[in-house]
Amino acid sequence: MSLEKSIESLQKTMMDLIEVVKSIDTSNEVKRTTFTTDEAADYVGVGREVLLQAAKDGEVKHFRNGTRYLFRKKALDEWITIKEEESIIYRDEKNYMDYLQNELRKEAK
């Protein structure tokens, strides 16, 4: 192998190694797996009291640490999905009820 090709190969290997080193997380920071009530409310886009009431009513999974409520991201995602589905079902039922009321009014005339 020529000297130029050896240098090119070495440069490519070094660039690959630099990319690997850049991707290593050296922060030693502990990754949190839970949200506080305020963080969870911000994440799902509802008020703090709405989320606390849902937790108290058993609608959203959580656990308590003393007086603090803690939520996992997965539990919040599941709760929001359920709320979305409920809103779609309610909207469909409301539309159907409006339709039935209109039909009854037509028949009454």
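Residues numbered from 1 in each chain as written. Predicted model: local features only at pLDDT ≥ 70, side-chain atom pairs only at ≥ 80, totals over all residues. Heavy atoms only, no water.

**Student:** Help me out: how do you make sense of the UniProt feature "domain: Helix-turn-helix" (unreviewed entry) in the protein chain in this one?
**Tutor:** UniProt's entry tags residues 35–80 with the feature "domain: Helix-turn-helix" (unreviewed entry), counted in the numbering of this structure. In this annotation, residues 35–80 is assigned 54% helix and 20% strand; the end-to-end C-alpha distance for the span is 15 Å. (UniProt positions renumbered as here; feature names shortened; annotations may be inferred. Helix = DSSP H or I, 4+ residues; strand = E, 2+ residues; numbered from the N terminus.)

**Student:** Is there a simple way to explain helix α2 (residues 37–44) in this structure?
**Tutor:** Helical periodicity: at 3.6 residues per turn, an α-helix aligns residues three or four positions apart in one direction. Among all positions in α2, only Thr-37, Ala-40, Ala-41 and Val-44 are buried. Buried positions in α2, seen along its axis, are confined to an arc of 100° and lie on one side of it. One or two positions beyond α2, positive phi appears at Gly-45, with a value near 80°. (Buried < 20%, exposed > 50% of the residue type's maximum accessible area, 1.4 Å probe, protein only. Arc of directions from axis to C-beta.)

**Student:** Looking at this model, I keep getting lost on a nonpolar patch on the surface. Mind explaining?
**Tutor:** Together, Leu-17, Val-20, Val-21 and Ile-24 make up an exposed nonpolar region whose accessible area comes to about 380 Å². Position of Leu-17 among the secondary structure elements: in helix α1 (residues 3–23). (Patch = residues over 30% accessible without salt bridge, like charges linked within 9 Å, V, L, I, M, F, W, Y side chains within 5 Å. Areas by Shrake-Rupley, 256 points an atom, 1.4 Å probe, with all protein chains shown as cover. Salt bridge = Lys/Arg side-chain N within 4 Å of Asp/Glu carboxyl O.)

**Student:** Where do I start with the sheet that holds strand β2 (residues 63–65) in this structure?
**Tutor:** Strand pairing in a sheet is mediated by backbone hydrogen bonds. Such pairs are either parallel or antiparallel. Strands sit in the order β1-β3-β2 across an open sheet of three strands; the sheet is antiparallel. Among the strands making up the open sheet, the edge pair consists of β1 (34–35) and β2. Bridging between β1 and strand β3 (residues 68–72) involves two bridges; their strand directions are antiparallel. Paired with Phe-35 across the two strands is Phe-71, which belongs to β3. (Pairing = 2+ DSSP bridges.)

**Student:** Is there a simple way to think about α1 in this case?
**Tutor:** An ideal rise of 1.5 Å per residue puts 30 Å on 21 residues; α1 measures up with 31 Å between its terminal C-alpha atoms. Burial analysis of α1 places just zero of its 21 residues in the buried class, which makes it a mostly uncovered element. (Expected span 1.5 Å × (residues − 1).)

**Student:** Looking at this model, I keep getting lost on the packing of aromatic side chains. Mind explaining?
**Tutor:** Two aromatic rings are characterised by how far apart their centres lie and by the angle between their planes. Throughout the structure, instances matching the rule amount to one aromatic pair. When the centroid spacing of 5.2 Å and the interplanar angle of 20° are considered together, the rings of Phe-35 and Tyr-43 count as stacked. (Phe/Tyr/Trp six-rings, centres within 6.5 Å; stacked < 30°, edge-to-face > 60°.)

**Student:** Got a minute to help me understand the pattern of salt bridges in this structure?
**Tutor:** Pairs may arise between side chains of opposite charge once their charged atoms sit close together. This structure, assessed with the given rule, holds eight salt bridges. A salt bridge links Arg-32 to Glu-39; its shortest N-O distance comes to 2.7 Å. For Arg-32, a relative accessible area of 54% gives the class exposed. One salt bridge connects Asp-38 with Arg-48, and the closest N-O pair in it is separated by 2.7 Å. Placement of Asp-38 in helix α2 and of Arg-48 in helix α3 (residues 48–56) is noted, with a sequence separation of 10 residues between them. Overall, the relative accessible area of 39% leaves Arg-48 in the partly exposed class.

**Student:** How should I be thinking about the pairing of β3 in this particular structure?
**Tutor:** If a strand is regular, its side chains alternate between the two faces of the sheet. Strand direction decides the pairing type here: β2 and β3, joined by three bridges, are antiparallel. Residue pairing across strands places Arg-64 opposite Tyr-69, the latter belonging to β3. Between β2 and β3, which pair antiparallel and follow one another directly, the connecting turn spans two residues, one of which, Gly-66, has a positive phi of 70°.

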